[in-house]
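# Understanding the architecture of this molecule
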Amino acid sequence: MIARIDLHTHSTASDGTLSPAELVHAAAEEGLDVVAITDHDTTAGWQPALRALPRGPRLVRGAELSCRWSGEQPPVPLHLLAYLFDPDFPELVAELARVRIARAERGERIVALLRADGIDVSWPEILAGAGGGTVGRPHIAGALIRAGLVATTSEAFGPDWLGERYRLPKEDIDVFRAVRLVRAAGGVPVFAHPRATRRGRVVPDELIAELAAVGLAGLEADHEDHSPAERAHVRGLAAELGLLVTGSSDFHGTHKTVRLGAFTTESEAYERIVAASSGVIEVASG
Ligand code: AMP
Ligand code: ZN
Ligand code: FE
Ligand code: FE
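This report concerns the structure included in the present document. Treat the numbers as computed from the prediction; the structure is a model and nothing was measured. (Residues numbered from 1 in each chain as written. Chains lettered and ligands numbered in written order. Predicted model: local features only at pLDDT ≥ 70, side-chain atom pairs only at ≥ 80, totals over all residues. Heavy atoms only, no water.)

### Remarks on the overall build of the protein
- Along the backbone of the protein there are ten helices and nine strands.
- Its C-alpha radius of gyration of 18 Å places the protein within 12% of the 19 Å reference for a compact globule of 286 residues.
- Judged by the C-alpha coordinates and their principal axes, the protein covers about 55 × 45 × 40 Å.
- Looking at the protein residue by residue over its 286 residues, the buried ones come to 54%.
- A fraction of 72% describes how many contacts in the protein between residues 6 or more apart in sequence connect residues 24 or more apart.
- As displayed, the protein has an accessible area near 12100 Å², and 52% of this comes from carbon and sulfur atoms.
- With 29 positive and 39 negative side-chain charges, the protein shows a separation of 1 Å between the mean positions of the two kinds. (Helix = DSSP H or I, 4+ residues; strand = E, 2+ residues; numbered from the N terminus. Rg over C-alpha atoms; globule rule 2.2 N^0.38 Å. Buried < 20%, exposed > 50% of the residue type's maximum accessible area, 1.4 Å probe, protein only. Contact = heavy atoms within 4.5 Å. Areas by Shrake-Rupley, 256 points an atom, 1.4 Å probe, with all protein chains shown as cover. Lys, Arg positive; Asp, Glu negative; His and termini not counted. Charge placed at Lys NZ, Arg CZ, Asp CG, Glu CD.)

### Side note on the site of ligand 1
- Taken together, 15 residues are adjacent to ligand 1, and H40, R103, R106, R137 and K256 come closest.
- In the environment of ligand 1, an oxygen atom lies 3.2 Å from a nitrogen or oxygen atom belonging to the side chain of D15.
- Note that an oxygen atom of ligand 1 is positioned 3.0 Å from one of the side-chain N or O atoms of K256.
- Across the complex, the protein chains shield 86% of the 500 Å² of accessible surface that ligand 1 would expose by itself.
- Of all the secondary-structure elements, those providing two or more residues to the shell around ligand 1 are α3 (90-116), α5 (137-146) and α6 (153-156).
- Grouping the constituent residues of the shell around ligand 1 by class yields two nonpolar, six polar and seven charged. (Near = heavy atom within 4 Å. Polar contact = N/O pair within 3.5 Å; in protein donor to acceptor, adjacent residues only side chain to side chain. Nonpolar A, V, L, I, M, F, W, Y, C, P; charged D, E, K, R; others polar.)

### Details of the pairing of strand β6 (residues 188-191)
- Both faces of β6 are covered, namely the face carrying V188 and V190 and the face carrying P189 and F191.
- Pairing of strand β4 (residues 76-83) with β6 involves four bridges; the strand directions are antiparallel. What sits directly across from L81, in β6, is V190.
- Running through helix α8 (residues 205-213), the crossover from β6 to the neighbouring parallel element strand β7 (residues 218-222) is right-handed. (Pairing = 2+ DSSP bridges. Right-handed = clockwise from strand over helix to strand, strands pointing away.)

### Re the coordination of the zinc ion (ligand 2)
- Taken together, D15 (OD), D15 (OD), H40 (NE2) and H252 (NE2) make up the protein donors of the zinc ion (ligand 2), found 2.0 to 2.6 Å from the metal.
- Mapping the donors of the zinc ion (ligand 2) onto the primary sequence yields the spacing D-x24-H-x211-H.
- Taken as an interatomic distance, the gap from the zinc ion (ligand 2) to the iron ion (ligand 3) is 5.8 Å. One end of the pair, H40, is in strand β2 (residues 34-40); the other, H252, is in the loop between β8 (244-247) and α10 (267-276), with 212 residues separating them in the sequence. (Donors = N, O, S within 2.8 Å, 3.2 Å for Na, K, Ca; no water.)

### A few points about the pattern of salt bridges
- For the structure on display, the rule yields 14 salt bridges.
- Between E95 and R98 there is a salt bridge, with the nearest N and O atoms lying 2.8 Å from each other. Taken together, the residues E95 and R98, both in helix α3 and three residues apart, mark about one turn of the helix.
- R98 sits in the partly exposed class, given a relative accessible area of 34%. (Salt bridge = Lys/Arg side-chain N within 4 Å of Asp/Glu carboxyl O.)

### Considering unusual backbone geometry
- The amide bond that connects Q73 to the next residue, P74, takes the cis arrangement and shows omega of -10°.
- Even without glycine at this site, D41 takes up a positive phi of about 55°.
- Inspection of the secondary structure puts D41 in the loop between β2 and α2 (46-52).
- When its relative accessible area of 0% is taken as the criterion, D41 is described as buried.
- In the Ramachandran plot, D250 falls in the positive-phi region, its phi being about 55° despite a non-glycine side chain.
- Turning to its location among the elements, D250 is positioned in the loop between β8 and α10.

As structure tokens, then:
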């Protein structure tokens, strides 16, 4: 039987809509063999997911780090998945805390821009809606939907709204520093949706080669934001650089339309991730 392995999902600890407990139950219902919880810039979902883990899916604890590459100006934002790292590693803890604070400040500034244009959205209400989780544009999108200004999250990410007109940069982690910190914390870094041109600018292959040289372990190829040609390109690049390849849903509950397990990772790549981790944090089973 082929294992079903989904290594990229979000809960209410960031901008997903299922709680960590609901997420691991949904993974069981979906018949997943492995699910990774990878909330943006936080490990706050780890404990509740672990406590609620039912029989069935194994749980990989991870995060999706907001990074940037300063090889271009303005810097290119990118996402780094990090698996099985020590959540108490001080320098990483500090970076994540800094990014979360910066996200809240940026969210408040986006709301101020909206309000200056007469759009009636409230930052305290949006922050409360995030429920203490890492706040992001999907939470602001929710407020735009509730105000009847847009119909869907995708529409809220269009150029007239959070995609361009009311988009502000975040204070992200330098990607080289992030790769080194994840490794130093015993974890395994994988570049999330590296070629997703439909989300905006992407980094050159040369940068990915440089990251591989300092510890990047893999590339996410099968992702809904990659075209078939982009998936093929990522696979080719991974083969060239000796990197492992993953596929994942990037599930966000009702903040996105993609289903849990819509894209999956092969067992061999998953085993490589587990083998490359320090073992401080183990894969859990219920
Ligand atoms: P932020 O982290 O605040 O910059 O917001 C980015 C988040 O919004 C990411 O988690 C994306 O998955 C999500 N996102 C980006 N583009 C879209 C879109 N077109 N529709 C729905 N969600 C999106
Ligand atoms: Zn997200
Ligand atoms: Fe991402
Ligand atoms: Fe994600």
